[in-house]
Amino acid sequence: MATFIVLLGPPGAGKGTQAKILAEKTKLAHVSSGDLFRENFKKQTELGRLAQSYMDKGELVPDDVTIKMIKDRLTQPDCQAGAILDGFPRTPAQADALEIMLADFNGQVDLVPYITASEETLVERIGGRWTCRAQGHIYHQTFSPPKQAGVCDLDGSELYQREDDKAETVRNRIRVYFEQTMPLVEYYRKAGKLIEIDGMQNVEKITERLLDALNKK
Ligand code: AMP
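Residues numbered from 1 in each chain as written. Predicted model: local features only at pLDDT ≥ 70, side-chain atom pairs only at ≥ 80, totals over all residues. Heavy atoms only, no water.

So, about the overall build of the protein. In terms of helices and strands, the protein carries nine helices and eight strands. By principal-axis analysis of the C-alpha atoms, the protein measures approximately 45 × 40 × 35 Å. Looking at the protein as a whole, 50% of its 217 residues qualify as buried. Across the protein, every contact between residues at least 6 apart in sequence was considered, and the portion connecting residues at least 24 apart equals 72%. Total accessible area on the protein stands at roughly 11000 Å², and carbon and sulfur atoms take up 51% of it. (Helix = DSSP H or I, 4+ residues; strand = E, 2+ residues; numbered from the N terminus. Buried < 20%, exposed > 50% of the residue type's maximum accessible area, 1.4 Å probe, protein only. Contact = heavy atoms within 4.5 Å. Areas by Shrake-Rupley, 256 points an atom, 1.4 Å probe, with all protein chains shown as cover.)

Encoded structure:
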């Protein structure tokens, strides 16, 4: 049976960093809705251009297009054994849609690690974040700087600051998270799937806690 993990947490909690590490260790696919929108924008698809108009403001992209994009992604062969979902679902309607699509794939949400951090920390982390152009590897100018400024250690591509990581948009993304995504914490808690992880710990400690929870499942 396939394994599906939903990483929950506010922007800047470390979902993307952990999703990449977990995907490597578990061999499950890493499915990041934000990365999929950014790829679409890079290719200038209709979906990419639509998504960008919401992303630039720190708003959520409408449920119908987001759900369709994830459904298409989950039907690809590399998701057959399961996936680590990073950034999806973000609304109750998306969570309901996910249940239905996973049932179609003979699976379900197995575990929902919820990574928490204080608002000051989120703003500080996102403000110093640099992302790799080629594959979305993530660095922080103070906490995890690349060996050479502006260059990804792993693939040598250029590092850039995401447009929506700029200060004005960050506060809105955090507000949107509290309004629209927080209900999912209770939803998954009630379903007995949630485990809370203190996102203020270092990256290695968080990974350890995640792998431990996965092994117990
Ligand atoms: P992220 O990379 O996860 O921080 O996502 C960046 C932006 O993409 C968000 O601020 C939203 O505009 C959009 N986005 C990503 N995932 C979703 C989702 N599940 N539902 C709606 N919008 C999303």
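Moving on, we get to the site of the ligand. The ligand sits among 16 residues. The nearest are S33, R38, E59, G87 and Q94. Between the ligand and S33, the relevant distance is 2.7 Å, taken from a nitrogen atom to a side-chain nitrogen or oxygen of the residue. V61 places a main-chain nitrogen or oxygen 3.0 Å from a nitrogen atom of the ligand. Bound to the protein, the ligand loses 96% of the 480 Å² it would expose on its own. Ranked by the residues each element gives to the shell around the ligand, the list is headed by helix α2 (residues 33-42), at four residues. Looking at side-chain class alone, the shell around the ligand contains five nonpolar, five polar and six charged residues. (Near = heavy atom within 4 Å. Polar contact = N/O pair within 3.5 Å; in protein donor to acceptor, adjacent residues only side chain to side chain. Nonpolar A, V, L, I, M, F, W, Y, C, P; charged D, E, K, R; others polar.)

This brings us to the packing of helix α7 (residues 167-181) against helix α8 (residues 183-190). Relative orientation of the contacting elements α7 and α8 amounts to 40 degrees, with a least axis distance of 5 Å. By the angle class used here, α7 and α8 are oblique. On the side of α7, the interface is formed by Y177, E179, Q180 and T181, while α8 contributes P183, L184 and V185. Along the lines of polarity and charge, the residues of the contact of α7 with α8 split into four nonpolar, two polar and one charged. (Axes fitted to C-alpha atoms, helices over the stretch in contact; angles between N-to-C directions. Parallel < 35°, antiparallel > 145°, perpendicular 65-115°, else oblique.)

The next point concerns the environment of K193. Topologically, K193 is positioned in the loop between α8 and β8 (194-198). Spatially, the C-alpha atom of K193 lies 7.9 Å from that of V109, the residues being 84 residues apart in sequence. In contact with K193, other than residues within four places in its own chain, are Q108, V109, D110, L111, V112 and Y188. In terms of polar contacts, K193 uses its side chain to reach the backbone carbonyl oxygen of V109, at 2.9 Å.

Most of strand β4 (residues 109-116) is tucked away: seven of the eight residues are buried. Note: strand β1 (residues 3-7) against β4, two bridges, orientation parallel. Its bridge partner being in β4, I5 is matched across the sheet by L111. As paired elements, β4 and β8 share five bridges and run parallel to each other. Pairing of V112 across the sheet is with L194, part of β8. (Pairing = 2+ DSSP bridges.)

On to the packing of helix α5 (residues 92-104) against α8, then. In the contact formed by α5 and α8, the axes pass within 9 Å of each other and the chain directions differ by 35 degrees. Here P92, A95, D96, L98 and E99 of α5 come into contact with α8, specifically with P183, L184, Y187 and Y188.

Looking at where T121 falls in the secondary structure, it is placed in helix α6 (residues 119-127). A polar contact is formed between the side chain of T121 and the side chain of S118, at a distance of 2.8 Å.

What follows is about the pattern of salt bridges. Overall, the coordinates contain 16 salt bridges when judged by the stated rule. Across the pair R162 and D165 runs a salt bridge, and its minimum N-O distance is 3.9 Å. One exposure class covers both R162 and D165, and it is buried. Where R175 meets E179, a salt bridge forms, and the shortest distance between an N and an O atom there is 2.8 Å. Of this pair, R175 and E179 both sit in helix α7, four residues apart, which is roughly one turn of that helix. Each of R129, R162, D164, D165 and R173 takes part in a single network of salt bridges with overlapping partners. (Salt bridge = Lys/Arg side-chain N within 4 Å of Asp/Glu carboxyl O.)

So, about the sheet that holds β1. Here we have five strands laid out as an open sheet, ordered β2-β3-β1-β4-β8, and parallel in their pairing. Unpaired on one side and paired on the other, β2 (29-32) and β8 mark the two borders of the sheet. Pairs of neighbouring strands in the sheet enclose a mean axial angle of 20 degrees, with direction left out of account. As defined by bridge partners, β2 adjoins strand β3 (residues 82-86) across four bridges and the pair is classed as parallel. Paired with V31 across the strands is L85, a residue of β3. Lying on the sheet, helix α1 (residues 15-26) is in contact with β1, β2, β3 and β4; it crosses β3 at an angle near 170 degrees. This element, α8, spans β1, β4 and β8 of the sheet and lies at about 125 degrees to β8.

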